[in-house]
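Below, each chain spelled out in residue letters.
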Amino acid sequence: MKKKIFGVHDDNTLRQFENCLRAGQVAGGVLCADGHYGYSQPVGGVIVYDGQISPSGVGYDIACGNKAVRTNLKWSEIEKDLPRIMDEIASSISFGVGMKNMKRVDHKLFDDPDWDVFKEIGKQEHDRLKKLAKDQLGTVGAGNHFVDVLVEKETGDVWIANHFGSRGFGHKTASGFLNLASGRGFSDRAPGESMEQAPTLIDLNSEMGDLYYRAMTLSGKYAYAGRNYVIDEVLSILGATSEFEVHNHHNYAWKETHFGKEYVVVRKGATPSAPGQLGFIGGSMGDVSVIVRGKGNEANADSFFSTVHGAGRIMSRTEAAGRMNWKTRTRSGGKISQERMDQAVQKYGVELRGGGTDESPFVYRKLRDVLDAHEETIDVLHILKPVGVCMAGANEYDPYKD
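This structure is a prediction, so every number in the text was calculated from the model and none was measured.

**Thoughts on the packing of aromatic side chains**
Okay, so step 1: Under the definition given, this model contains twelve aromatic pairs.
Okay, so step 2: An angle of 90 degrees between the planes, with centres 5.8 Å apart, marks the rings of Phe259 and Phe304 as edge-to-face. Placement of the pair is Phe259 in the loop between strand 10 (251–258) and strand 11 (261–268) and Phe304 in the loop between helix 9 (298–302) and strand 15 (306–308), with a sequence separation of 45 residues.
Okay, so step 3: Under the relative-accessibility criterion, Phe304 is labelled buried at 2%.
Okay, so step 4: In this structure an aromatic cluster arises from ring pairing among Phe110, Trp115, Phe118, Phe169, Phe177, Phe186, Tyr212 and Tyr222.

Okay, structure coming up:
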């Protein structure tokens, strides 16, 4: 078994990673430098299966990922107009849990034959999930999901980027298949989940394995469509065109060939980085983001062509923002005050819309540190500084465990 660990990690994360390596038909694994404790599999963890797939490893936010675009604009052309631009992004795009798109989006995705997966489960499930997917296409969600305006200092080029996945459709798809794999009905209420829960594994060549893989693939297409829609909206707000694009998932399972054999590579919070493959990796709202490219060397091959997806959380949401009282919608006991966060964001020069203290720069590692840990396997091509960040408002409940 090939195993590789980048960076330094706490005991819970390391134990969880080792537990995953011991469950099922595992050929190898990677723990990326941004890794941290997650639900069933560490975020930043990569587990490579021989003939199996793990819905718990892919997680609830199926196909969460990033799209980044270099526009035809220069920073000097929009600098004075940035506050208005961020206001328009915040008002035109739907952020938050359970939000519907204010505009109805028709998309060829809804004619995809893989919707038949849900018909096989039941007409009610199919109709409910398809309606939810149509309602939410092009919405961003909460948690660490964002829309950014960034500037490449060396060139003055304006970039835009986003980060989110398959929304409520993906979450209910994940929950449903985790239920089925445990002998419950697709739409049953699941018992309380444990972060320590062993990986849920399905044989890929089984009927359930085929259904899950097709449903996950559809969720991936849905996430791509949503990120494309939001990027197009932001381009319209800027009056800009796209000159260069980078787009990929980091919560997904891929069929890939490694060392001469096909495996299922489950990346939870990890970016694919095959030789020459490009990826966008976001830092915090007080740090840079980057475009990277996978190297064609043995070190990258031994990493199953995987790298970080962000800077990596080092402080939980509750630790940072305090415990939430949902009746009063107030928090208490957090380590990061709003004043401290506001000062940091202002000092870094970011026009912020939304975002709570649980997403402040203090809760993440420095991106440069985690990138340095992977320097053998990736090249950094572009360094981008956020100048505008838009997220869901503070105190939004984030249902995703990963």
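**Looking at the UniProt feature "binding site: Mn(2+) 2" (unreviewed entry) in the protein chain**
Okay, so step 1: Here, UniProt's "binding site: Mn(2+) 2" (unreviewed entry) annotation points to His163 and His250. On the basis of their most widely separated C-alpha atoms, the annotated residues across 88 residues gather in one place, lying no more than 10.1 Å apart.
Okay, so step 2: In this structure, His163 sits in strand 7 (residues 157–164).
Okay, so step 3: In terms of polar contacts, His163 uses its side chain to reach the backbone carbonyl oxygen of Asn144, at 3.0 Å.
Okay, so step 4: Residue placement: His250 occurs in the loop between strand 9 (242–249) and strand 10.

**Quick notes on the pattern of salt bridges**
Okay, so step 1: Taken as a whole and assessed by the stated rule, the structure comprises 27 salt bridges.
Okay, so step 2: Between Asp302 and Lys2 there is a salt bridge, with the nearest N and O atoms lying 3.5 Å from each other. Here Asp302 is found in helix 9, whereas its partner Lys2 is found in strand 1 (residues 2–5), with 300 residues between them in sequence.
Okay, so step 3: Between Glu256 and Arg267 there is a salt bridge, with its nearest N and O atoms 2.9 Å apart. Pair noted here: Glu256 is in strand 10 and Arg267 is in strand 11, with a separation of eleven residues, a long-range link.
Okay, so step 4: Take Glu256: its relative accessible area is 16%, and that puts it in the buried class.
Okay, so step 5: The class of Arg267 is buried, set by a relative accessible area of 0%.
Okay, so step 6: A cluster of three or more residues bridged by salt bridges with shared partners is formed by Asp114, Glu120, Asp210 and Arg214.

Calculation notes
- Residues numbered from 1 in each chain as written.
- Predicted model: local features only at pLDDT ≥ 70, side-chain atom pairs only at ≥ 80, totals over all residues.
- Heavy atoms only, no water.
- Phe/Tyr/Trp six-rings, centres within 6.5 Å; stacked < 30°, edge-to-face > 60°.
- Helix = DSSP H or I, 4+ residues; strand = E, 2+ residues; numbered from the N terminus.
- Buried < 20%, exposed > 50% of the residue type's maximum accessible area, 1.4 Å probe, protein only.
- UniProt positions renumbered as here; feature names shortened; annotations may be inferred.
- Polar contact = N/O pair within 3.5 Å; in protein donor to acceptor, adjacent residues only side chain to side chain.
- Salt bridge = Lys/Arg side-chain N within 4 Å of Asp/Glu carboxyl O.

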